[in-house]
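Each chain, letter by letter, is given below.
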Amino acid sequence: MQELDWCLRMLLAALCGGIIGFERKSKAKNAGIRTHALIALGAALVMIVSKYGFFDLLKITHNNWAVDPSRIAAQVVSGIGFLGAGTIINRHDQIIDGLTTAAGIWVTGAIGLAYGSGLYSIGIIGTACVLLAEILGKYIDQFALRQGNGFSCFISLNGTISDLHIIIDELNDKYFKAPLKYVVYNYDNGKVTCRIFGELKSRALSEEVFEDLATMQNVNNVELE
């Protein structure tokens, strides 16, 4: 019966991780169903091994010897940070992106640890909270964005820095109080990847700037920060 309970923990961890991954994949993120499911499954498996894998040693060692399950669990929490870093950095364009997905990966690992510990209710509630944060949080972020005058986005375009200046000058005339500032991340082979940011005019909307950029012929990609 104990082995069946362990299997149930791993299955639930993989299922909940996969559900979180499905939501991320629906947003076209790199870390999807398989990544989240494997992270949760691995975390649950490590936690089970950490809690129960050394009990046989208690029978052959002295009475003062003790098992500390928290030691391996702590290494899982810190180790998942490396996976999160890999989702944040886009090596092709040198853009920092994917913070939400990285945070989701970290929490998915914690959910796996919860199932591995046998805390079923904590795992279920944790999964529900992650889904609510990722689904509803998007709309709350958009609402907050509309309330402020700040604008920031990443763009990738075919051309030179001079072409970037032309785009910035056009946006300045339409939408911004002060000239836009920019940071170039990559400039190679006729392609410029950068971040532009500034303060919108009182009646200007971030969506308008985004749509304007998206319709420009030499702009390949636009992503609001």
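Just so it is clear, the model here is predicted, and its values are computed rather than measured. Every chain is numbered on its own, with residues counted from 1 as its sequence reads. The predicted origin of the model limits local features to residues at a pLDDT of at least 70 and limits the giving and counting of side-chain atom pairs to 80 or more, whereas totals for whole chains, interfaces and linings rest on all residues. Excluded from the side-chain calculations are hydrogens and water; all other atoms, namely the structure's heavy atoms, are used.

A look at the UniProt feature "transmembrane region" (unreviewed entry) in the protein
Turning to step 1, where the next piece is worked out: UniProt positions are given in the numbering used here, feature names are shortened, and annotations may be inferred rather than shown by experiment. UniProt tags residues 35–52, 72–89 and 96–113 as "transmembrane region" (unreviewed entry).
Turning to step 2, where the next piece is worked out: Only DSSP runs of H or I reaching four residues or more are called helices, and only runs of E reaching two or more are called strands; each is numbered from the N terminus. Secondary structure across residues 35–52 comprises 100% helix and 0% strand; the distance between its end C-alpha atoms is 26 Å.

Considerations on the pattern of salt bridges
Turning to step 1, where the next piece is worked out: Should a side-chain nitrogen of Lys or Arg be within 4 Å of a carboxyl oxygen of Asp or Glu, the pair is scored as a salt bridge. The tally for this structure, following the rule as stated, stands at four salt bridges.
Turning to step 2, where the next piece is worked out: Where Asp212 meets Lys174, a salt bridge forms, and the shortest distance between an N and an O atom there is 3.1 Å. With a gap of 38 residues between them, Asp212 in helix H7 (residues 206–214) and Lys174 in helix H6 (residues 161–175) connect regions that are remote in the sequence.
Turning to step 3, where the next piece is worked out: A relative accessible area of 13% places Asp212 in the buried class.
Turning to step 4, where the next piece is worked out: Through salt bridges with shared partners, a single network forms among Glu170, Lys174 and Asp212. Summary of the burial criterion: residues with accessible area below 20% of their type's maximum are buried, those above 50% are exposed, and those between are partly exposed, where the area comes from a 1.4 Å probe applied to protein chains only.

Some words on H7
Turning to step 1, where the next piece is worked out: Every buried residue of H7 is listed here: Ser206, Val209, Asp212 and Leu213. For H7, the angular spread of buried residues about the axis comes to 130°, placing them on one side. Each direction from the helix axis to a C-beta atom contributes to the arc, which is the arc of those directions.

Considering unusual backbone geometry
Turning to step 1, where the next piece is worked out: Within the chain, Asn189 stands out as a residue other than glycine whose phi angle is a positive 55°.
Turning to step 2, where the next piece is worked out: Positionally, Asn189 belongs in the loop between strand S4 (181–188) and strand S5 (191–199).
Turning to step 3, where the next piece is worked out: A residue is classified by how much of its surface remains accessible, and Asn189, at 75% relative accessible area, is exposed.

Regarding the packing of helix H1 (residues 2–25) against helix H2 (residues 33–52)
Turning to step 1, where the next piece is worked out: Axis lines are fitted to C-alpha atoms, over the contacting stretch for helices. Their N-to-C directions set the angle, which ranges from 0 to 180 degrees. At their nearest, the axes of H1 and H2 sit 7 Å apart, and the two run at 155° to each other. Viewed along their axes, H1 and H2 adopt a mutual orientation that is roughly antiparallel. Crossing geometry of H1 relative to H2 is assigned as right-handed. Of the residues in H2, those touching H1 at Trp6, Arg9, Met10, Ala13, Ala14, Gly17, Gly18, Ile20, Gly21, Phe22 and Arg24 are Ile33, His36, Ala37, Ala40, Leu41, Ala44, Leu45, Ile48 and Tyr52.
Turning to step 2, where the next piece is worked out: Residues that form the contact of H1 with H2 fall into these classes: 14 nonpolar, four polar and two charged. Working rule for angles: under 35 degrees goes down as roughly parallel, over 145 as roughly antiparallel, 65 to 115 as roughly perpendicular, anything else as oblique. Left-handed is the label given to a crossing in which the near helix is rotated counterclockwise from the far helix by less than a right angle, and right-handed is the label when the rotation is clockwise. We call two residues in contact when some of their heavy atoms are within 4.5 Å. All amino acids are sorted into three groups, where Ala, Val, Leu, Ile, Met, Phe, Trp, Tyr, Cys and Pro are nonpolar, Asp, Glu, Lys and Arg are charged, and the leftover types, Gly among them, are polar.

Looking at a nonpolar patch on the surface
Turning to step 1, where the next piece is worked out: Patch definition: residues with relative accessible area over 30% and no salt bridge; like charges joined within 9 Å; nonpolar side chains (Val, Leu, Ile, Met, Phe, Trp, Tyr) joined within 5 Å. Areas reported here follow the Shrake-Rupley algorithm with a probe of radius 1.4 Å; residue values treat only the protein chains shown as occluding. A grouping of Leu132, Ile135, Leu136 and Tyr139 is seen on the molecular surface, where their side chains present a nonpolar patch of about 410 Å² in accessible area.
Turning to step 2, where the next piece is worked out: Along the chain, the position of Leu132 falls in helix H5 (residues 120–147).

Remarks on the packing of aromatic side chains
Turning to step 1, where the next piece is worked out: Centres within 6.5 Å make a pair out of two Phe, Tyr or Trp rings, where for Trp the six-membered ring is used; the pair is then stacked when the planes are under 30 degrees apart, edge-to-face when over 60, and tilted otherwise. Within the structure shown, the criterion is met by three aromatic pairs.
Turning to step 2, where the next piece is worked out: Here the aromatic rings of Tyr115 and Tyr120 are separated by 6.5 Å at their centres, their planes lie at 55°, and the arrangement is tilted.
Turning to step 3, where the next piece is worked out: Residue class for Tyr115 comes out buried when judged on its relative accessible area of 0%.
Turning to step 4, where the next piece is worked out: Arg195 extends its terminal NZ or CZ atom over the ring of Phe197, reaching a point 4.3 Å from the ring centre. Put simply, a charge is over a ring when the Lys NZ or the Arg CZ is close to the ring centre, within 6 Å, and near the line of the ring normal, within 35 degrees.

Details of the environment of Phe176
Turning to step 1, where the next piece is worked out: You can see Phe176 is positioned in the loop between H6 and S4.
Turning to step 2, where the next piece is worked out: When sequence neighbours within four positions are dropped, the list of residues in contact with Phe176 reads Phe151, Leu171, Gly198, Glu199, Leu200, Lys201 and Val209.

Here we look at the pairing of S4
When a strand is regular, its side chains alternate between the sheet's two faces.
Turning to step 1, where the next piece is worked out: In terms of strand pairing, S4 meets S5 through seven bridges, oriented antiparallel. Paired with Lys181 across the bridge in S5 is Phe197.
Turning to step 2, where the next piece is worked out: A strand pair is defined by DSSP finding two or more bridges across the two strands. Hairpin connection between S4 and S5: a loop of two residues separates the two successive antiparallel strands, and Asn189 in this loop has a positive phi of roughly 55°.

A word on the pairing of strand S3 (residues 150–158)
Turning to step 1, where the next piece is worked out: Of all nine residues that make up S3, seven are buried, and the element is covered over most of its length.
Turning to step 2, where the next piece is worked out: Strand direction decides the pairing type here: S3 and S5, joined by nine bridges, are antiparallel. By the bridge assignment, Cys153 is partnered in S5 with Ile196.
Turning to step 3, where the next piece is worked out: The pairing of S3 with strand S6 (residues 219–224) spans five bridges and is classified as antiparallel. From the neighbouring strand, Cys153 faces S6, where its bridge partner is Leu224.

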